[in-house]
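Each chain, letter by letter, is given below.
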Amino acid sequence: MPHAAASGRLLVTGIGELVTNDPAPDREGGPLGILRDAALVADDGVITWIGRSGDAPSLEATADSPHPHRIEVLDARGRAVIPGFVDSHTHLVFGGDRAEEFAARMAGRAYEAGGIRSTVAATREATDDELRARLAGFVRELHGQGTTTFEVKTGYGLSVVDEERLAQLAAEVTDEVTFLGAHVVPAEFTERAGGADGYVELVAGEMLQACKPHVRWVDAFCERGAFDAEQSRRVLEAGRAEGLGVRVHGNQLGEGDGVRLAVELDAASVDHCTYLSEADVAALAGSRTVATLLPGVEFSTRHPYPDARRLIDAGVTVALASDCNPGSSFTSSMPFCIALAVREMGMTPAEAVRAATAGGAAALRRTDVGVLRPGARADLALLDAPSHVHLAYRPGVPLVAETWKDGARVA
Ligand code: NIG
Ligand code: FE
C-alpha cells in the first residue's frame, strides 16, 4: 500500500464553499453539489459526516467513533474545499528529459511518437534509485498541486526486464499502475528481429506475465507511428484475459481506430480524443468509456485542443488528466489543465473541476475518490480562494493551500 491512512478523527470547519460532486436538493451548482458554510468529519481516513458548520458533531466520542485517539481540526477560514484531483493519466517513471525537443517544436518542428525512443534509452540507463528519487519528486509536485489519486504508466522500458522494473517502481507510489509495453516499437525490433508484430507477441506474452503482478490496467498507443488496431487489440485482449482493466491511447495525432477499439473492448477510458469523427462521438456517447482529455499535450505540441463541448453535449463522460511525461506534456498541474480546458476547450469552470475530480475517478472506475460524501476517502484540497471558479479565473497562481489524503495532510 503506497500510503497509510490517518488514524483518528479529522474535523474540517469554516468551509466557505464545499464542492462535493454529490448533488442533493439542498445543494447548489448542479453536479458539483456545493454546500456553503460547511464542515466535514473523517474517521480513520474515511468521511463520516458532511453538513453545515453549525451542525457539526462534537469532537467527543460518538457511536461511530467511540474513542478517537487523535483529533485534528482544520479551519478553512471561509475558503473553498474540493475533492482532491484524480489524475488518471501520467507517465512518471522515466530517465532524462526532452527539453531540446520541446524547444525545437516551439521553433516549428512537429511532434512525433518516435521521440518516445530517446526517453526509453535514458530510462534503461537509469538505476532504480535514480528513478525512485525522481518519482518521489513528482509525487511531491502532485500533492502540492492538490492531486490525491494518480495513475502511472510503464512504457519507457520496452524490454521484459525494464517494463517489470518500471511497474514495480510505480507500484511503490500508487495502486493505479498501467502496463504500457505497447507504447512504441523499440529500436532493436528491426524487421530482421521480428519487427512490430514480433514485439507485440513479446508484449502480449512474456512482458505481460512479468508486469501483471504489479499492475491494474493494460494500455496501448493505437496511433500511426505506434500500433495499429489489430496490434493494439492483441495486447489489450491479452491483458484483459489476465484480469486487467483496459485503457487506450487513441486519436491523438489524427483520426484513427483508438476510440472504436476502446468502446468495443469496454475500456474504462480512451485518452487524448483530439481528433474525433461523428461516429467516434456517437460510439462514446453510447458506452461506459470515459473520454479523457489531456490539454497539456495540445499546449506542448501546438496541436488543436480537443472539443470538450461537443463531447459533453453528446452526453459523453469527460475526464481531464495531465499526461505528465517528458515528451508531449511535461506538466503535473491539474489546475493548469483546468484553466486550459476552460479557455480552449469550451468547458465551464464547474465542468472542468468536475472532470478533474469525479471524471478522473470514473476513468479509473473508482467510486471512493473524486467525491466527498460519507464512505468516500477523506482526500481533499483546500484552496486559497473562495470558490472553485478561481482555478480557471486565476491561471498559473498556486491556489492549493493544503492537500489531505486519507485524512492526513500530505502538502
Ligand atoms: O500520452 N501518446 C503517447 N504517449 C505519450 C507521449 C510520450 C512521449 O512523447 O514520450 C502521450 O502523449
Ligand atoms: Fe499518455
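Residues numbered from 1 in each chain as written. Chains lettered and ligands numbered in written order. Predicted model: local features only at pLDDT ≥ 70, side-chain atom pairs only at ≥ 80, totals over all residues. Heavy atoms only, no water.

With respect to the overall build of the protein
Along the protein, the regular secondary structure elements total 13 helices and 16 strands. Computed over C-alpha atoms, the radius of gyration of the protein comes to 21 Å, within 12% of the 22 Å expected from 2.2 N^0.38 for 411 residues, which places it in the range of a compact globule. Over its C-alpha atoms, taken along the principal directions, the protein stretches across nearly 70 × 40 × 40 Å. A buried classification covers 57% of the 411 residues belonging to the protein. Across the protein, the fraction of contacts at a sequence separation of at least 24, relative to all contacts at a separation of at least 6, is 70%. Surface summary for the protein: the accessible area is close to 15400 Å², and the carbon and sulfur share equals 52%. Once the 39 positive and 58 negative side-chain charges of the protein are each reduced to a mean point, those two points are 2 Å apart. (Helix = DSSP H or I, 4+ residues; strand = E, 2+ residues; numbered from the N terminus. Rg over C-alpha atoms; globule rule 2.2 N^0.38 Å. Buried < 20%, exposed > 50% of the residue type's maximum accessible area, 1.4 Å probe, protein only. Contact = heavy atoms within 4.5 Å. Areas by Shrake-Rupley, 256 points an atom, 1.4 Å probe, with all protein chains shown as cover. Lys, Arg positive; Asp, Glu negative; His and termini not counted. Charge placed at Lys NZ, Arg CZ, Asp CG, Glu CD.)

Examining the environment of G51
Mapped onto the secondary structure, G51 falls in strand 3 (residues 46-52). Residue classification places G51 among the buried residues on the basis of a relative accessible area of 10%. Between the alpha carbons of G51 and A39 there is a distance of 5.6 Å; along the sequence they are 12 residues apart. Residue contacts for G51: discarding those within four places in its chain leaves L35, D37, A38 and A39.

Let's talk about the site of ligand 1
Taken together, 15 residues form the shell around ligand 1, and within it R98, Y111, Y156, Q252 and S328 come nearest. Between H91 and ligand 1, the recorded distance is 3.3 Å, taken from a side-chain N or O atom to an oxygen atom. A distance of 2.7 Å separates an oxygen atom of ligand 1 from a polar atom in the side chain of D323. Coverage of ligand 1 by the protein chains reaches 100% of its 330 Å² of free accessible surface. The class makeup of the residues in the shell around ligand 1 is 4 nonpolar, 9 polar and 2 charged. (Near = heavy atom within 4 Å. Polar contact = N/O pair within 3.5 Å; in protein donor to acceptor, adjacent residues only side chain to side chain. Nonpolar A, V, L, I, M, F, W, Y, C, P; charged D, E, K, R; others polar.)

Here we look at the domain arrangement of the protein
In terms of domain boundaries, the protein breaks down into domain 1 (9-83 + 370-409) and domain 2 (85-363). The C-alpha centroid of domain 2 is placed 31 Å from the C-alpha centroid of domain 1. At the interface, 18 residues of domain 1 touch 20 residues of domain 2. Taken over both partners, the interface formed by domain 1 and domain 2 buries close to 1500 Å², and the fraction arising from carbon and sulfur atoms is 71%. Taken together, the links from domain 1 to domain 2 amount to 0 salt bridges. Between domain 1 and domain 2 we count 7 residue pairs in polar contact (both at pLDDT 80 or more) in total. Those elements that provide at least two residues to the side of domain 1 that touches domain 2 are strand 5 (80-83), strand 14 (380-383), helix 13 (390-393) and strand 15 (400-405). (Domains from an automatic or database assignment. Buried area = accessible area lost by both parts, 1.4 Å probe. Salt bridge = Lys/Arg side-chain N within 4 Å of Asp/Glu carboxyl O.)

Quick look at the nonpolar core
L311, L320, I338 and M347 are the most contacted members of the largest nonpolar core, which totals 88 residues. Among the elements that line this core, the one with the most residues is helix 5 (residues 195-211), at 8 residues. Lining this core are residues from two domains, each supplying at least three of them: domain 1 (9-83 + 370-409) and domain 2 (85-363). Ignoring any residue separated from it by four or fewer positions in sequence, one finds M347 in contact with A308, R309, I312, V318, L320, A341, V342, A352 and A355. L10, L40, I47 and A378 belong to the second-largest nonpolar core, a separate cluster that totals 18 residues. (Core = buried A, V, L, I, M, F, W, Y, C linked by side-chain atoms within 4.5 Å.)

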